[in-house]
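Reading the structure
Listed here are the chains, written in short residue letters.
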Amino acid sequence: MQETANVEPGLLNTDLSLLPRVGRDLRPIVPALLYLCLYVALAWGVQTLQLAAFLGNYGLTAGLNLGLLLTYGAWYAPVVFVAILADFFWFQAIPLPVPIAILYCLSLALIQTGAALAIRRWITEHRVILKTGRDLAKFVSIGGITALLLAAVVSLQIVFETRIPWREALNPLHGSFIGFSAGILFLTPLVVIHLAPWLQTALFGIKSEKRALREQIQTFRVDRQSTV
């Protein structure tokens, strides 16, 4: 009994030592910085390699955006909006009035945020891992709807910019839908399954299972004395 009493507090101390100290938790900062760097790299690559004709201007970055929102939550929606807005004025340079341009970028960000919230709401686990058949089916379904909505917004922007007849809007809609679908179905699982766990391990030196234990302890606000 004495040995058991000595061992259990040691195990508790080991688990509770996973809790980050105040001021040293960089999770809100590091994922955002890494995301912005990857977004710039993708946007620059699409423009440099002239892939916009096949994938659209925002197809690949939409997959990155959704991956960030699924992994770290809707708190990063403002970061996504800022990235889309900077992309529009920096890489796209489309001659639209500023209020309409802001509304356009805001619509893209809101659709992606809503899709992330829907997936997180209907997923079976406490966090999104996209490793079960049921969760993958839900992700593919909601991802397809998201791609269609994003393509519709882009098509409206093209119609407004080029003044083409509405009956010809199906051509950009079809191309944009393929680009958004490719970006979401390819990049989002890559971010959620591989990049996010790697980043978590690199930041804290712990695996996702221990991170889940630590988050549960933080949720209930358990300290060492009350746990013992």
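Parameters and conventions
- Residues numbered from 1 in each chain as written.
- Predicted model: local features only at pLDDT ≥ 70, side-chain atom pairs only at ≥ 80, totals over all residues.
- Heavy atoms only, no water.
- Helix = DSSP H or I, 4+ residues; strand = E, 2+ residues; numbered from the N terminus.
- Buried < 20%, exposed > 50% of the residue type's maximum accessible area, 1.4 Å probe, protein only.
- Contact = heavy atoms within 4.5 Å.
- Areas by Shrake-Rupley, 256 points an atom, 1.4 Å probe, with all protein chains shown as cover.
- Phe/Tyr/Trp six-rings, centres within 6.5 Å; stacked < 30°, edge-to-face > 60°.
- Expected span 1.5 Å × (residues − 1).
- Axes fitted to C-alpha atoms, helices over the stretch in contact; angles between N-to-C directions.
- Parallel < 35°, antiparallel > 145°, perpendicular 65-115°, else oblique.
- Left-handed = near helix turned anticlockwise from the far one by under 90°.
- Nonpolar A, V, L, I, M, F, W, Y, C, P; charged D, E, K, R; others polar.
- Patch = residues over 30% accessible without salt bridge, like charges linked within 9 Å, V, L, I, M, F, W, Y side chains within 5 Å.
- Salt bridge = Lys/Arg side-chain N within 4 Å of Asp/Glu carboxyl O.

Once that is clear, we can look at the overall build of the protein. Summing up its helical and strand segments, the protein has ten helices and zero strands in all. Taking all 228 residues of the protein together, 38% fall into the buried category. Here the contacts in the protein between residues at least 6 apart in sequence split such that 76% fall between residues at least 24 apart. Total accessible area on the protein stands at roughly 13,400 Å², and carbon and sulfur atoms take up 67% of it.

In this section: the packing of aromatic side chains. For the structure shown, the criterion picks out six aromatic pairs. Ring centres 5.7 Å apart and planes at 55° place the aromatic pair Y72 and Y76 in the tilted group. Classification of Y76 by relative accessible area gives buried; the value is 9%. Ring plane angle 25° and centroid distance 4.7 Å describe the contact between W90 and F91, whose orientation is recorded as stacked. Judged by its relative accessible area of 18%, F91 falls in the buried class. Each residue in the set Y58, F88, F89 and Y104 is aromatic and connected to the rest through ring pairs, giving one cluster.

Attention now moves to helix 2 (residues 30-48). With 19 residues, helix 2 should cover 27 Å at 1.5 Å per step; its first-to-last C-alpha distance of 27 Å lies within 8% of that length. A positive phi of about 55° marks Q50, the residue just after helix 2.

Along the polypeptide, S176 turns up in helix 8 (residues 170-204). Discounting chain neighbours no more than four positions away, the residues touching S176 are A151 and V154.

Between helix 6 (residues 98-122) and helix 7 (residues 133-162), the shortest axis-to-axis distance is 10 Å and the interhelical angle comes to 170°. On the basis of the axis angle, helix 6 is roughly antiparallel to helix 7. Along its contact with helix 6, which presents I100, Y104, S107, L108, I111, Q112, A115, A118, I119 and W122, the element helix 7 presents K138, F139, I142, T146, L149, L150, V153, V154, Q157 and F160.

Orientation of helix 2 relative to helix 5 (residues 77-92), taken along the N-to-C sense of each, is 30°, at an axis distance of 11 Å. The angle between helix 2 and helix 5 places the two elements in the roughly parallel class. The hand of the helix 2/helix 5 crossing is right-handed. Facing A32, Y35, L36, Y39, V40, A43, W44 and Q47 of helix 2, the residues of helix 5 in contact are V79, V80, A83, I84, D87, W90, F91 and Q92. Considered class by class, the residues forming the contact of helix 2 with helix 5 number 13 nonpolar, two polar and one charged.

A contiguous nonpolar patch, built from I29, L33 and L36 and spanning about 260 Å² of accessible area, is present on the exposed surface. Mapped onto the secondary structure, L33 falls in helix 2.

Let us now look at helix 5. Compared with an ideal rise of 1.5 Å per residue, which puts 16 residues at 22 Å, helix 5 spans 21 Å between its outermost C-alpha atoms and is within 8% of the ideal. Within the span of helix 5, buried status applies to A77, V80, F81, A83, I84, D87, F88, F91 and Q92. In the core, the buried residues of helix 5 are packed alongside helix 2, helix 4 (59-72) and helix 6. Following helix 5 by one or two positions, A93 has its phi on the positive side, about 50°.

Just geometry here; none of it tells us what the structure is for.
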